[in-house]
Every structure is written in structure tokens, then in C-alpha cells.
Amino acid sequence: MLSAAFILEGLGQQGSAAQRRAIAKAITLLESTRADHRAQGDELLTALLPHTGRSFRLGISGVPGVGKSTFIEALGLFLIRQGHRVAVLTIDPSSTVSGGSILGDKTRMEQLSVNERAYIRPSPSSGTLGGVAEKTREAMLVCEAAGYDVVIVETVGVGQSEIAVAGMTDMFVLLQLPNAGDDLQAIKKGVMEIADLVVINKADIDPHAATRAQAQITSSLRLLGMHGNPDHATHGALWQPRVLQISALLGQGVEGFWEAVTLYRSMQTGNGRLALRREKQALAWMWERIDAGLKTAFRQHPGVRALLPTLQAEVAAGRIAASTAARNLLAAQAQPAHGAIETQANTTSSSSL
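Residues numbered from 1 in each chain as written. Predicted model: local features only at pLDDT ≥ 70, side-chain atom pairs only at ≥ 80, totals over all residues. Heavy atoms only, no water.

1. A few points about the environment of Met109
Part 1 of the reasoning: Within the fold, Met109 resides in the loop between strand E2 (86-92) and helix H5 (110-113).
Part 2 of the reasoning: Once the C-alpha coordinates of Met109 and Ile120 are considered, the two residues, eleven residues apart in sequence, prove to be 9.0 Å apart.
Part 3 of the reasoning: Contacts of Met109, omitting those with residues within four sequence positions, involve Ser69, Ile72, Glu73, Val88, Thr90, Ile120 and Glu154. (Helix = DSSP H or I, 4+ residues; strand = E, 2+ residues; numbered from the N terminus. Contact = heavy atoms within 4.5 Å.)

Given below as C-alpha cells:
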């Protein structure tokens, strides 16, 4: 694997084939689970940090079939015409049976994927919950260090639990269909409650349904703003989520969408909430990595590995409750490793002589 310094040098060559290779190698290094690669990845991230944070991070979610890829391509091409460089990180669901992913999002963005001012990276979810991949944050920093000033994260998009992307982006956009449900569906909590902007795509197919959905969702967002997300208060200093109609396939409404995004960015930067949001996200990222590290350390603990096969068999046979087995395994992790016990005993014996 290449060194962090070599990758960093490649990332600085904007618009070149060398830069695209460096981005791909950097993300692959960060996604690796090998211990030596993780150490190199930490070194790379430390070197990248001074070059990150200058982009606008946009999270996009929605149910399958809502047209996320079509919308992202239309938006990406529009932004490139405005002089931006666009990176798109797409998350593909991994099979619970085979573990594989199709990773075919680039095929649905034919024009954007070949544009030299765009970079698209599909990644498997690999069982990670929340609609994003485990290393999406790290991949985002790589793209920022490479000079992409708009980074778009497209979630798996399977329902109302795709909220992790809101914890790593500056703005969370929810795509909806004109006939997505009744009035009650429009006020369900979950992604709707944390959406900064709701976009009704495919509005050209049924304009009346799109207008009706826009009115229903606008009303529900107003209600959720009063009783839900404090960042979505109705008074003037804070952003009030709004609902837009677009047709990504026809390219209608994309300019208006970006005007709303620009207004949001200006307001959130001016009142300091964008900086505060990123600070909270950085701390949440740290604790998430701690949780993942503790889980890995738990599975690798010698006491746990020795006890695990027996307890798994006992739970499977119904002879012991799963909660009891879990407590026994956690207790085993709390005990020092066998080698550490011997070392401690030897140390005690030596000190008593």
C-alpha cells in the first residue's frame, strides 16, 4: 500500500488522472480492515485534515425509485456549469445472504461519471445501519482534500431510518414522490423530522398530486418544527424547512433547488449553526469509532474467543438465555488476558522476595 505522503501528493494534482487514482487508493486504504492499513489510514487522515472543511456537504435520501441518481446527476451537471467540482459518494445495499453489492450507481449517472470535474465513488453498506457506509466520513474528507467544493452523499434509501447521513453533512435533503402516502404518512417522524429540505421529484408526472403533497408536507414540517427539531424553529434567525417540486429527468426546478441550498448555507453560516453542527458531528464521529473499536476488541479478547463457541451452542440449543450468555461474555472481557494474569503473578512473587 502507498504511503500517506505519496497519496497526499497525488490528491494535489487537480483534474488529473493521477488525482483520481490517488482518491481511489486513499478511500480503499481507509476502508481496509487490516491493522497495518488502519495505522496508515490514521496517518493519512491526520495529513489531510488541514486541507478539509471547505466544501459544502449535502446528504440526499429517499425511497428506492424516487429518482435519487437522476436528481444527483442533474444537480451535479448544473453545479459543474456554475464552476463547481462535485464529488458523489453513493452507498449500495449489501446482500444479507451473499454479502455482495452491485455498486452500479455510476451506470445511472452516465454523463456525470465521465465529466472531468466530477468524481463518483460507490461503496457497499456492508451491514452498517443508517443508510451510509462505515467509512463515508473518511471518504468525504479525501474528496475535500482533493479540492471538490460540493460533496454529495447518497444513502441506501430504504425507509424512515436513513438518518445517519444527517450526522455527517451540512444539509439533509429528503426526496419524495407525489403519491407517497396519505396525510398521516406525511407527518411520520424519522427522516421527515430532521430533513432540512424536502424535494418532490417527478412532479411532471402528476402535477396535481405533487401540489397536494407539497401542501401536506409543508404543513407537517411546520408542526414538526414546533415540536421536534429545535434547529427548525419558525422564527427568523433559524432556517425553516421548505418543500420544492422538481422534475430531475426534465431538469426542471434544479436551479431553484440550488438557490434554496445557497440561502440555507448563508443563513446557517451567518448564525454560526453550521460550524456548531460540524463540531457536534466530529465528536459524534469520535464516539462512533470508539464504539466500533470496543466491539472489535471484544471479539478479539482471548477470554471471549475461548468462551464464545460454548455459549453460542448453549444459546442455540435453548439451554441458556441470550442475555445471560452476553453478560458472561462481557464478564470474560473484563478479566485480564491469561498472559497478563501470569505477568501480574510473577511480578507479585518477585516483589515479595
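Here the narrative resumes.
2. Considering the packing of aromatic side chains
Aromatic ring pairs: the centre-centre distance and the angle between the two ring planes describe each pair.
Part 1 of the reasoning: Here the structure, examined in full by the defined rule, presents three aromatic pairs.
Part 2 of the reasoning: Taking the centre distance of 6.4 Å and the plane angle of 45° together, the rings of Tyr119 and Tyr148 count as tilted. Remark: Tyr148 occurs in the loop between helix H6 (136-145) and strand E4 (150-154) and Tyr119 occurs in strand E3 (residues 118-124); sequence separation between them is 29 residues.
Part 3 of the reasoning: Taking the relative accessible area as the measure of exposure, Tyr119 reaches 6% and is therefore buried.
Part 4 of the reasoning: Geometrically, the ring pair formed by Trp239 and Tyr264 is edge-to-face, given 5.2 Å between the ring centres and 85° between the ring planes. Of this pair, Trp239 sits in the loop between helix H9 (207-227) and strand E7 (242-245) while Tyr264 sits in helix H10 (residues 254-270); the two residues are 25 residues apart in sequence, bridging distant segments of the chain.
Part 5 of the reasoning: Tyr264 gets classed as buried once you look at its relative accessible area, which sits at 1%.
Part 6 of the reasoning: The lysine or arginine in question, Arg85, covers the ring of Tyr148, its NZ or CZ lying 4.1 Å from the ring centre. (Phe/Tyr/Trp six-rings, centres within 6.5 Å; stacked < 30°, edge-to-face > 60°. Buried < 20%, exposed > 50% of the residue type's maximum accessible area, 1.4 Å probe, protein only. Lys NZ or Arg CZ within 6 Å of the ring centre and 35° of its normal.)

3. Observations concerning the confidence of the model for the chain
In regions of low pLDDT, the predicted coordinates are not meant to be interpreted in detail.
Part 1 of the reasoning: Per-residue confidence for the chain gives a mean pLDDT of 82; residues scoring 70 or more make up 79%.
Part 2 of the reasoning: Within the model, the stretch residues 94-102 combines pLDDT values under 50 with 13 contacts to residues more than four positions away or in other chains.
Part 3 of the reasoning: Low confidence marks residues 339-353, where pLDDT is under 50. Its contacts with residues over four positions away, or in another chain, come to one contact. (pLDDT = per-residue confidence, 0-100.)

4. Focus on the nonpolar core
Part 1 of the reasoning: Among the nonpolar cores identified, the biggest contains 43 residues, and Leu11, Ile23 and Val142 are the most heavily contacted of them.
Part 2 of the reasoning: Both of domain 1 (1-50) and domain 2 (52-272) provide at least three residues apiece to this core.
Part 3 of the reasoning: By size, the runner-up hydrophobic cluster in this structure holds 35 residues, among which are Val88, Ile152, Val254 and Trp258. (Core = buried A, V, L, I, M, F, W, Y, C linked by side-chain atoms within 4.5 Å. Domains from an automatic or database assignment.)

5. Quick word on the packing of helix H1 (residues 4-11) against helix H3 (residues 35-48)
Part 1 of the reasoning: Relative to each other, H1 and H3 sit at 40°, their axes nearing to 9 Å. With respect to their mutual orientation, H1 and H3 come out oblique. Two packed elements cross with a definite hand, and for H1 against H3 that hand is right-handed. Mapping the contact onto sequence places Ala4, Ile7, Leu8 and Leu11 in H1 and Glu43, Leu44, Ala47 and Leu48 in H3.
Part 2 of the reasoning: Split by residue class, the contact of H1 with H3 holds seven nonpolar, no polar and one charged. (Axes fitted to C-alpha atoms, helices over the stretch in contact; angles between N-to-C directions. Parallel < 35°, antiparallel > 145°, perpendicular 65-115°, else oblique. Left-handed = near helix turned anticlockwise from the far one by under 90°. Nonpolar A, V, L, I, M, F, W, Y, C, P; charged D, E, K, R; others polar.)

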